[in-house]
Amino acid sequence: MDHLMNVYKRVPVSFERGEGVWLMDPAGDRYLDALSGVAVCNLGHAHPAVTEAIQQQAAKLIHTSNLYHITNQELLAERLCRLTGLAKAFFCNSGMEAVETALKLIRLYGHQKGIELPQVVVMQGAFHGRSFATIAAGGSAKAQGGFQPLMPGFIRIPYNDIPALKNIAQTHSNIAAVLVEPVQGESGIQVPDQNYLNEIRTICHQQEWLMAIDEVQTGLGRTGTLYAYQANAILPDILMTAKALANGVPIGACLATEAVASLFTAGSHGSTFGGNPLATAAALATLQAIEQDKLWENAAKQGAALLTGLQARLKDHPHIKAIRGKGLMIGIELDRHCRDIILTGLKRRLLFTVSHETVIRLLPPLIIQAEHVQQIIDTLSLIIDEFTVHP
Ligand SMILES: *Cc1c(COP(=O)(O)O)cnc(C)c1O
């Protein structure tokens with residue numbers, strides 16, 4: 001600990017082993033994981049098919065660089081394109097890099113249209129990562145604090161506000177794209193109106209702006225469809241995916257239509273590790289498992305049960321302001337700062353986090369079953385009572 005840079009407020013526990021929805025500490029105590037490593041281990045821990053794919057690939061070949069063809073990478077691109085309706089993929093190692101890739105494509109698109117200083121419309125409360133470009137795109141003053149000068153090229157409007165988007169279309173002629181999350185996770189689980197993405201799609205078509213959707217957190221089944229935009233029956237021009245793509249092995253991808261992807265030429269962009277044989281083997285096994293069991297359906301079903309169960313149990317609770325979510329992305333907003341409720345949760349062996357100071361954030365693995373849902377409802381009610389009586 002003494003030799004780690006101080007950028008995380010860590011919860012005082014470590015884990016030695018995981019199995020499905022459970023994490024085990026060194027003493028052998030078992031915790032119900034309702035966070036999934038922040039929406040990463042969607043298949044739960046130590047998923048046998050992913051473990052086997054990693055083991056087999058590691059024994060054969062881990063890395064060769066993108067100087068050579070990588071069969072697994074080509075297979076993964078083909079699979080993601082089939083699943084999303086997009087045409088081309090670029091692989092990197094994290095969500096933030098996927099967003100950086102998208103922003104580069106957007107700049108190229110803007111310049112191609114003759115816009116000298118292309119701007120990207122971004123949202124209040126947005127989170128897109130921790131690089132200079134992505135903190136500038138994000139809406140958190142805390143994430144930007146001390147890191148000025150911020151990268152220029154962003155215009156911010158409120159989330160879920162179509163009139164605001166129409167308004168800036170009238171006042172700005174240098175916009176190249178809109179970058180949006182289907183549900184905002186980091187800012188406390190903000191679920192927009194059902195037609196929000198459809199309306200953005202229409203405006204982007206009319207204005208000839210690109211629509212870029214950040215599904216780093218919402219993707220891979222989390223909100224009840226494989227990608228959240230698929231519930232809206234639209235197709236974005238650019239899609240970013242990462243977190244759960246290889247169930248914990250670092251990987252990210254930026255997907256795009258043929259027209260947008262063709263803005264890149266050899267040498268425009270790249271990554272040393274991006275899409276290496278190991279990460280793409282893990283991702284192929286992860287996608288296979290998600291598809292085979294149609295896990296987005298379980299996310300929709302268990303997510304609805306969890307949301308209605310929490311609402312039924314807690315709706316009259318004097319310290320709860322709202323309970324909201326989509327699929328297995330659920331937030332419970334308290335009337336006070338509640339970071340320390342994580343510690344009350346730890347005592348009761350339930351793992352979750354807190355966003356935006358006041359929102360308990362649940363992101364359980366997509367494999368959870370009715371008994372786990374019930375356990376989360378029962379335990380969390382107890383935890384909230386304990387915390388609000390003796391904070
Ligand atoms: C987590 C997240 C990112 C950043 O991903 P990293 O892998 O941490 O770089 C970007 N966008 C969204 C919506 C996220 O939830």
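Since the structure is predicted, the reported quantities are computational estimates derived from the model, not experimental observations. (Residues numbered from 1 in each chain as written. Predicted model: local features only at pLDDT ≥ 70, side-chain atom pairs only at ≥ 80, totals over all residues. Heavy atoms only, no water.)

Student: Explain the overall build of the protein to me, and be specific about the residues and the numbers.
Tutor: Of regular secondary structure, the protein possesses 13 helices and 15 strands. Principal axes of the C-alpha set define a box for the protein whose edges measure 60 × 55 × 45 Å. Relative to its full complement of 391 residues, the protein shows a buried share of 56%. Taking the contacts inside the protein whose residues are at least 6 apart along the sequence as the reference set, 72% of them involve residues at least 24 apart. When the accessible surface of the protein is summed, it comes to about 17,800 Å², and 53% of that surface belongs to carbon and sulfur atoms. When the 31 basic and 34 acidic side-chain charges of the protein are each reduced to a single mean position, those positions are 2 Å apart. (Helix = DSSP H or I, 4+ residues; strand = E, 2+ residues; numbered from the N terminus. Buried < 20%, exposed > 50% of the residue type's maximum accessible area, 1.4 Å probe, protein only. Contact = heavy atoms within 4.5 Å. Areas by Shrake-Rupley, 256 points an atom, 1.4 Å probe, with all protein chains shown as cover. Lys, Arg positive; Asp, Glu negative; His and termini not counted. Charge placed at Lys NZ, Arg CZ, Asp CG, Glu CD.)

Student: So what about the pattern of salt bridges? Which residues, and what values?
Tutor: Tallied over the full model, the rule gives 13 salt bridges. The salt bridge partner of R201 is D237, with a shortest N-O separation of 3.0 Å. Here R201 is found in helix α8 (residues 196–207), whereas its partner D237 is found in the loop between β8 (210–214) and β9 (238–241), with 36 residues between them in sequence. Of the residues examined, D237 reaches a relative accessible area of 13% and is grouped as buried. Among the ionic pairs, K315 bridges to D316, the shortest N-O distance being 3.9 Å. Take K315 and D316: they sit in the same class, and that class is exposed. Shared partners join several salt bridges into a network, and the residues in it are R79, R82 and E291. (Salt bridge = Lys/Arg side-chain N within 4 Å of Asp/Glu carboxyl O.)

Student: Could you give me a rundown of the site of the ligand, with the residues and numbers involved?
Tutor: Taken together, S94, G95, M96, F127, H128, G129, E181, D214, V216, Q217 and K243 are the residues near the ligand. At a separation of 2.8 Å, an oxygen atom of the ligand approaches a polar backbone atom of G95. Between an oxygen atom of the ligand and a main-chain N or O atom of M96, the distance comes to 2.8 Å. Coverage of the ligand by the protein amounts to 82% of the 380 Å² it exposes when considered alone. (Near = heavy atom within 4 Å. Polar contact = N/O pair within 3.5 Å; in protein donor to acceptor, adjacent residues only side chain to side chain.)

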